[in-house]
Every structure is written in C-alpha cells, then in structure tokens.
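Each chain is listed here by its residues.
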Amino acid sequence: MMKSKLSRLAVTLALALASGSAAYAHEENSEAMTGHWLSHVAEGKGTPTANQLAPYGYPAARSADREINVPDGGHLNVTRLETARITVGGKSIVWTFDTLGTKSFPLSTILPGTGGTIVYVAENPMYSGG
C-alpha cells in the first residue's frame, strides 16, 4: 500500500514538473516568436531609412573600395553603390554612392567647398538586367 502511494506521488510529481516546464518553455517561445514577428512587421511598414532617402548616398560606415584624388574643378566617375574615399583640395570624405535615379550631381552637395567638381554616377553592372 505504501509502495503504491509513493509510486502515485512520484508520477504526480513528475507530471506536475513536466507540465510546469512545458508551460514555461511555451511562454518563452511565445515571447520570442512574438518579438520576431513584430520585428518583421515593423520592417515591412515601408518607412524608408534616412540613408534610403538620401538622393546622393551617405557617409560610409565601412572602409573605401578605392581612393580618388580629384583636381579642384574636375570631375569624378563612380558606380552606384560604390564606397570611395574622395579627396579634393585637401578635403576628404568616405562616401557610399547609393544614388538610384541620380546620374550626376555637384560634389559640393556632399563635400562643401569643392568648387565645380561634378560626380557622374554609372549604374552598377551587378544590378543591370540581362
């Protein structure tokens, strides 16, 4: 009789522990999944970032693909999505030319005091159809 009660108690305790840990695991996974789902919903809202809104690109957060020294009043040829260190008349900037739709612009819009230097942006061949 005593052995039977102990067996029942052991089974009851095991079930209680198992259901408690399953509920805890479910709660953690629910929160993780909700957070994961919410992050995708937030990303999908279509609100562009400041970098995406910048018509000439943005200051680079990585190292330059190449360095370009431009004579004052000259011109500059870059490829869309290229990151370059531009130096003109002692002024320098590292820039990513994320310029969808922009074919050319004055360098002075991103690096003031650079005179009449014009930036010509070629389409990146990686993104051309064909």
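Please read these numbers as outputs of a predicted model, since none were measured by experiment.

**Student:** Break down the overall build of the protein chain for me, citing the residues and quoting the values.
**Tutor:** Secondary structure summary: the protein chain contains 2 helices and 7 strands in total. Reading the protein chain from its N end, one meets helices and strands in the order α-α-β-β-β-β-β-β-β. Within the protein chain, buried positions represent 22% of all 130 residues. Counting only contacts in the protein chain whose residues sit at least 6 apart along the sequence, the fraction spanning at least 24 positions is 42%. Within the structure as shown, the protein chain displays about 9,100 Å² of accessible surface, and the carbon and sulfur contribution to it stands at 61%.

**Student:** Break down the side chain of Thr83 for me, citing the residues and quoting the values.
**Tutor:** Inspection of the secondary structure puts Thr83 in strand β4 (residues 83-88). A distance of 3.2 Å separates polar atoms of two side chains, one belonging to Thr83 and the other to Arg62. When residues no more than four places from it in sequence are discounted, the contact partners of Thr83 are Ala60, Arg62, Ser63, Ala64, Asp65, Arg66, Val94, Trp95 and Thr96.

**Student:** Provide a residue-level description of the sheet that holds strand β5 (residues 91-96), including the pertinent values.
**Tutor:** Within the open sheet, the 4 strands sit side by side as β1-β5-β4-β2. Their pairing is mixed. The strands lining the two open edges of the sheet, one partner per strand, are β1 (58-59) and β2 (66-70). Inspection of the sheet shows β4 paired to β5 by 6 bridges, in the antiparallel sense. Within β5, the position partnered with Thr83 by the bridge is Thr96.

**Student:** Quick rundown of the side chain of Thr96? Include the residues and the values.
**Tutor:** Relative to the helices and strands, Thr96 is located in strand β5. Excluding anything up to four places from it in sequence, Thr96 contacts Tyr56, Gly57, Tyr58, Ala60, Leu81, Glu82 and Thr83.

**Student:** Tell me about the environment of Glu67, and name the residues and values.
**Tutor:** Along the chain, the position of Glu67 falls in strand β2. For Glu67, a relative accessible area of 63% translates into the label exposed. Note: C-alpha distance between Glu67 and Ala84 (17 residues apart in sequence) is 5.7 Å.

**Student:** Before we move on, can you summarise the pattern of salt bridges with the specific residues and values?
**Tutor:** Counting across every chain of the model gives 4 salt bridges. Where Arg80 meets Asp98, a salt bridge forms, and the shortest distance between an N and an O atom there is 3.9 Å. Of this pair, Arg80 sits in the loop between β3 (75-79) and β4 while Asp98 sits in the loop between β5 and β6 (104-106); the two residues are 18 residues apart in sequence, bridging distant segments of the chain. A residue is classified by how much of its surface remains accessible, and Arg80, at 11% relative accessible area, is buried. With relative accessibility at 21%, the residue Asp98 sits in the partly exposed group. Connected through shared salt-bridge partners, Arg80, Asp98 and Glu123 make up one network.

**Student:** I'd like to hear about the environment of Ile93, residue by residue, with values.
**Tutor:** Among the structural elements, Ile93 can be located in strand β5. Taking the relative accessible area as the measure of exposure, Ile93 reaches 15% and is therefore buried. Separated by 17 residues in sequence, Ile93 and Ile110 have C-alpha atoms that sit 8.5 Å apart. Once residues within four sequence positions are removed from consideration, Ile93 is found in contact with Ala84, Arg85, Ile86, Ile110 and Leu111.

The rules behind these values
Residues numbered from 1 in each chain as written. Predicted model: local features only at pLDDT ≥ 70, side-chain atom pairs only at ≥ 80, totals over all residues. Heavy atoms only, no water. Helix = DSSP H or I, 4+ residues; strand = E, 2+ residues; numbered from the N terminus. Buried < 20%, exposed > 50% of the residue type's maximum accessible area, 1.4 Å probe, protein only. Contact = heavy atoms within 4.5 Å. Areas by Shrake-Rupley, 256 points an atom, 1.4 Å probe, with all protein chains shown as cover. Polar contact = N/O pair within 3.5 Å; in protein donor to acceptor, adjacent residues only side chain to side chain. Pairing = 2+ DSSP bridges. Salt bridge = Lys/Arg side-chain N within 4 Å of Asp/Glu carboxyl O.

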